[in-house]
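# Structural overview
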Amino acid sequence: MKIIKCKDYEEMSKRAASYIRAIVTLKPNAVLGLATGSTPISTYKQLIECYNVGKLDFSEIISINLDEYVGLDDKNDQSYRYFMNENLFNHINIKKENTYVPNGIAKDLEAECKRYDDIIEKFGPIDLQLLGLGQNGHIGFNEPDNHFSFETHVVSLTENTIMANKRFFNSIDEVPKKAITMGIYPIINAKNVLMVASGKVKADAVEKIVKGNITPECPASILKYHKNFVLIVDEEAASKI
Ligand code: F6R
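Below: a short report on this structure.

Reading the values: the criteria
- Residues numbered from 1 in each chain as written.
- Predicted model: local features only at pLDDT ≥ 70, side-chain atom pairs only at ≥ 80, totals over all residues.
- Heavy atoms only, no water.
- Salt bridge = Lys/Arg side-chain N within 4 Å of Asp/Glu carboxyl O.
- Helix = DSSP H or I, 4+ residues; strand = E, 2+ residues; numbered from the N terminus.
- Near = heavy atom within 4 Å.
- Polar contact = N/O pair within 3.5 Å; in protein donor to acceptor, adjacent residues only side chain to side chain.
- Areas by Shrake-Rupley, 256 points an atom, 1.4 Å probe, with all protein chains shown as cover.
- Nonpolar A, V, L, I, M, F, W, Y, C, P; charged D, E, K, R; others polar.
- Contact = heavy atoms within 4.5 Å.
- Core = buried A, V, L, I, M, F, W, Y, C linked by side-chain atoms within 4.5 Å.
- Buried < 20%, exposed > 50% of the residue type's maximum accessible area, 1.4 Å probe, protein only.
- Pairing = 2+ DSSP bridges.
- Axes fitted to C-alpha atoms, helices over the stretch in contact; angles between N-to-C directions.

Turning our attention to the pattern of salt bridges. Summed over the entire model, instances satisfying the criterion amount to nine salt bridges. With a closest N to O distance of 3.7 Å, lysine 95 and glutamate 60 form a salt bridge. Of the two residues, lysine 95 is situated in the loop between α3 (80–87) and β5 (99–100) and glutamate 60 in the loop between α2 (41–52) and β3 (62–65); the sequence distance between them amounts to 35 residues. Via salt bridges that share partners, Lys27, Asp127 and Lys191 belong to a single interconnected network.

Here it is, written out as structure tokens:
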């Protein structure tokens, strides 16, 4: 595990964007595993800036997102498909048909999970998996549990995650209670894993990854033995390590 400590969110985002730039430059048809949430927003902005000045080409890139809320479609501004379009895909030359996000409104959610695993299998292994970090140690929406779930699955979001995500919705009742998430296997099978974590609220989870044992009660802890795991943290997120 390589830990890069940065002064603040902006520096963390710049470092993360440089890492992604390097992968896209070295492998123009790379498979990127992408994340949503507030943390990668500025990383995506930096990538858009590089694209705008002609320094990056996404025309052959494939992207596979981690997760999607159950019940939200691509027109809902809180869906992760909408987020990705707004924060990255609409601003670069990635082909939309090469971008994958689970379908949160699939009638048969189990079949959707299988379809998503087939997509991951077809294009994988993922060259670079970008991850945010849940306050409770979740990655994607792999929530703390007594076992790791390796395949794509439907998950009931924990109280902690619902509370953390309510800031994006008008009220807590609007926060979806379920999501579809990629399982742990494609994440640990990715050639490179890059996690970004910012702010005091992430300090406990960062400490568990760095100092704790591997346990499904902190799903992110599994990353500590990935041979190409880079954790980029700002000062506040790094305050307990
Ligand atoms: C998003 C995702 C989640 C977030 C995590 C942190 O696709 O998979 O694991 O990365 O909830 O979210 P923020 O960055 O909003 O703190």
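And the narrative resumes.
Close to the ligand lie 14 residues, the nearest being Thr39, Asp67, His138, Gly140 and Lys202. Lysine 202 is positioned such that a nitrogen or oxygen atom in its side chain is 2.6 Å from an oxygen atom of the ligand. In isolation the ligand exposes 410 Å². Once the protein is present, 95% of that is buried. Residue composition of the shell around the ligand, by class: three nonpolar, eight polar and three charged.

What follows concerns the side chain of asparagine 98. Of note, asparagine 98 is situated in the loop between α3 and β5. Not counting residues within four places of it along the chain, the set of residues in contact with asparagine 98 comprises Ser59, Ile61, Ile62 and Ser63.

This part covers unusual backbone geometry. For the peptide bond that leads from glycine 124 to proline 125, omega is 0°, which places it in the cis range. Tracing the backbone shows proline 125 in the loop between α4 (109–123) and β6 (128–131).

Take the nonpolar core next. Ile64, Leu131, Leu133, Ile139, Met182, Met195 and Leu223 are the most contacted members of the largest nonpolar core, which has 32 residues in total. Among the secondary structure elements, those contributing two or more residues to this core are β3, α4, α6 (184–188), β9 (192–197), α7 (203–211) and β10 (229–234). Sequence-distant contacts of leucine 133, defined by excluding residues within four places in its chain, comprise His138, Met195, Val196, Ala197, Lys202, Ala205, Val206, Ile209 and Ala220. Membership of the second largest hydrophobic core comes to 30 residues, among which are Cys6, Cys50, Leu128 and Val230.

The three strands lie next to each other as β4-β8-β7, forming an open sheet whose pairing is antiparallel. This sheet does not close on itself; its edge strands, each paired only once, are β4 (67–69) and β7 (153–156). Each neighbouring strand pair of the sheet contributes to a mean axis angle of 25°, computed without reference to strand direction. The pairing of β7 with strand β8 (residues 178–181) spans four bridges and is antiparallel.

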